[in-house]
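# Overview (structure and organization)
Okay, here's what each chain looks like letter by letter:
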Amino acid sequence: MGNSTNRSLPLAFQGLGFGISCIDTQLMRTGLASCYLVEAGGEVAFIDCGTSNAVPLLLGVLERRAYSPEDVRYVIPTHVHLDHAGGAGALMAACPNAELVVHPRGSRHMIDPGKLEAAAIEVYGQQVFDKLYGGLLPIDPARVVEQADGSELNFNSRIFRFLDTPGHARHHFCIHDPASRGVFTGDTFGVSYPELNLGRHRFIFPPTTPTQFDPQAWNDSIDRLMELKPDRMYLTHYGCLAEPESLAPALRHAIDDYAGIATEFAQHEDRIGRLTVELLRHARNYLLDQQCGLDPDAIDALLVGDMRLNAQGLDHWLASRSP
Ligand SMILES: [Zn+2]
């Protein structure tokens, strides 16, 4: 086993049962971003796929699982943010039989990624964009399938049900997988890092990444997910979470708290800087209360990048609401 071209790459993946593997896409560090390989009837689907830089790693996992790129039937980004979909074009180029399954609001960005690339460069800057995300490849529209709210996909008798779930982004769907009584939630069911889940209660927060944060829509989307009574959620950031009903209230609270914090500091002259500080404080206080086992500096180091991005998203949200 093993292809010499892939031998040097880290292959961090974990079988979760139900024909599902969680793959670490190695974005910035181990444990930050994942995607999923789902098997059905001798074929596989990727749900989310990381950035272009992750694609060789995904192909390595396929090989380790004794699949070939020809066996990939679907590539299904939950939404078109680059940590989820940036590698879709490169992965589709490597997997000749695959169809891209995407939210109707995201499809045009996968077919012509120019606008997506420009928007990402605006948020992250050119240097970070080049290092983290690499280039984006366009996808032939003939290989793109849109899934509207409530639609189903029959993947060799494994049924995927698609739910439109705005709040984090308007081009976001979640994928209900009755076979595992689970939901692939992308960013809709928040972010929950394993190393911050060692206290009395687990830690979860909403990624309010620019530019489509919508607290009301997000709470409604969480309601819809919980109505499915899932046993587990497959988060992109990060991994499989059991007992989601115990986390949903904390996520709803955090969404409301974030909106409140944004409103409270709306008039601050360095609004993004101040919101970053306040969001970090919010997370740190909770985690220290829960005796998470990390000191404040370690907590800040893990979360500062996310919270800066969250502050940018809240800043955008405030600007979009002002008359
Ligand atoms: Zn994400």
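Residues numbered from 1 in each chain as written. Predicted model: local features only at pLDDT ≥ 70, side-chain atom pairs only at ≥ 80, totals over all residues. Heavy atoms only, no water.

## Things to note about the overall build of the protein
For the protein, the count of helices and strands is 10 helices and 13 strands. For 323 residues, the compact-globule estimate of 2.2 N^0.38 gives 20 Å, and the protein sits close to it at 19 Å. Projected onto the principal axes, the alpha-carbon positions of the protein cover approximately 55 × 40 × 40 Å. Across the 323 residues that make up the protein, the buried fraction comes to 54%. Within the protein, contacts between residues at least 6 apart in sequence are counted, and of these 68% link residues at least 24 apart. Total accessible area on the protein is roughly 13600 Å²; 50% of this is exposed by carbon and sulfur atoms. Averaged over its 26 positive side-chain charges, the protein has a centre that lies 2 Å from the centre of its 40 negative ones. (Helix = DSSP H or I, 4+ residues; strand = E, 2+ residues; numbered from the N terminus. Rg over C-alpha atoms; globule rule 2.2 N^0.38 Å. Buried < 20%, exposed > 50% of the residue type's maximum accessible area, 1.4 Å probe, protein only. Contact = heavy atoms within 4.5 Å. Areas by Shrake-Rupley, 256 points an atom, 1.4 Å probe, with all protein chains shown as cover. Lys, Arg positive; Asp, Glu negative; His and termini not counted. Charge placed at Lys NZ, Arg CZ, Asp CG, Glu CD.)

## Structural notes on helix α8 (residues 248-264)
The periodicity of an α-helix, 3.6 residues per turn, causes residues three or four positions apart to be oriented the same way. Look at α8: 24 Å from first C-alpha to last across 17 residues, which is about the 24 Å you get at 1.5 Å a residue. Three or more residues of α8 are buried, namely A248, L251, A254, I255, Y258, A259, I261 and A262. Along the axis of α8, the buried residues cluster in a sector spanning 160°; they form a single face. Across from the buried face of α8, at angles greater than 90 degrees, the exposed residues are H253 and E264. (Expected span 1.5 Å × (residues − 1). Arc of directions from axis to C-beta.)

## Here we look at the side chain of H109
With respect to the secondary-structure elements, H109 resides in helix α4 (residues 107-111). Classification of H109 by relative accessible area gives buried; the value is 12%. Discounting residues that sit within four places of it in the chain, H109 has contacts with V80, K115 and L116.

## Describing the side chain of E278
Note that E278 resides in helix α9 (residues 271-289). Owing to a relative accessible area of 11%, E278 belongs among the buried residues under this scheme. Within the local environment of E278, its side chain forms a polar contact with the side chain of R281, the two groups lying 3.2 Å apart. (Polar contact = N/O pair within 3.5 Å; in protein donor to acceptor, adjacent residues only side chain to side chain.)

## Description of the coordination of the zinc ion
Only D83 (OD), H84 (NE2), D187 (OD) and H237 (NE2) from the protein coordinate the zinc ion, and they sit 2.0 to 2.4 Å from it. If you look at the zinc ion, its four donor atoms make angles of 81 to 156° with each other, and the shape they trace is irregular. For the zinc ion, the single-chain donor residues occur in sequence as D-H-x102-D-x49-H. With a gap of 154 residues between them, D83 in helix α2 (residues 82-85) and H237 in the loop between β12 (232-235) and β13 (239-242) connect regions that are remote in the sequence. With a relative accessible area of 13%, D83 lands in the buried category. (Donors = N, O, S within 2.8 Å, 3.2 Å for Na, K, Ca; no water. Tetrahedral: all angles 85-135°; square planar, octahedral: opposite > 155°, others 65-115°.)

## Things to note about the sheet that holds strand β1 (residues 13-15)
The strand order across the open sheet built from seven strands is β1-β2-β3-β4-β5-β6-β7, with neighbouring strands paired in mixed fashion. At either end of the open sheet lies a strand with only one pairing partner, and these are β1 and β7 (144-146). Each strand of the sheet is rotated relative to its neighbour by a mean of 20°, with strand direction disregarded. The sheet contact formed by strand β4 (residues 43-47) and strand β5 (residues 72-76) spans four bridges and is parallel. Opposite I47, over in β5, you have I76 as the bridge partner. Relative to the sheet, helix α1 (residues 55-64) contacts β1, β2 (20-24), β3 (34-40), β4 and β5, its axis offset from that of β2 by approximately 145°. (Pairing = 2+ DSSP bridges. Axes fitted to C-alpha atoms, helices over the stretch in contact; angles between N-to-C directions.)

## Describing the packing of aromatic side chains
All told, the structure shown has 13 aromatic pairs when counted by the stated rule. Here the aromatic rings of F203 and F205 are separated by 5.7 Å at their centres, their planes lie at 40°, and the arrangement is tilted. A single burial state applies to F203 and to F205, both of which are buried. These aromatic residues form a ring-pair network of at least three members: Y193, F203, F205 and Y286. In this arrangement the basic side chain of R29 is found over the ring face of Y193, its NZ or CZ atom lying 4.8 Å from the centre. (Phe/Tyr/Trp six-rings, centres within 6.5 Å; stacked < 30°, edge-to-face > 60°. Lys NZ or Arg CZ within 6 Å of the ring centre and 35° of its normal.)

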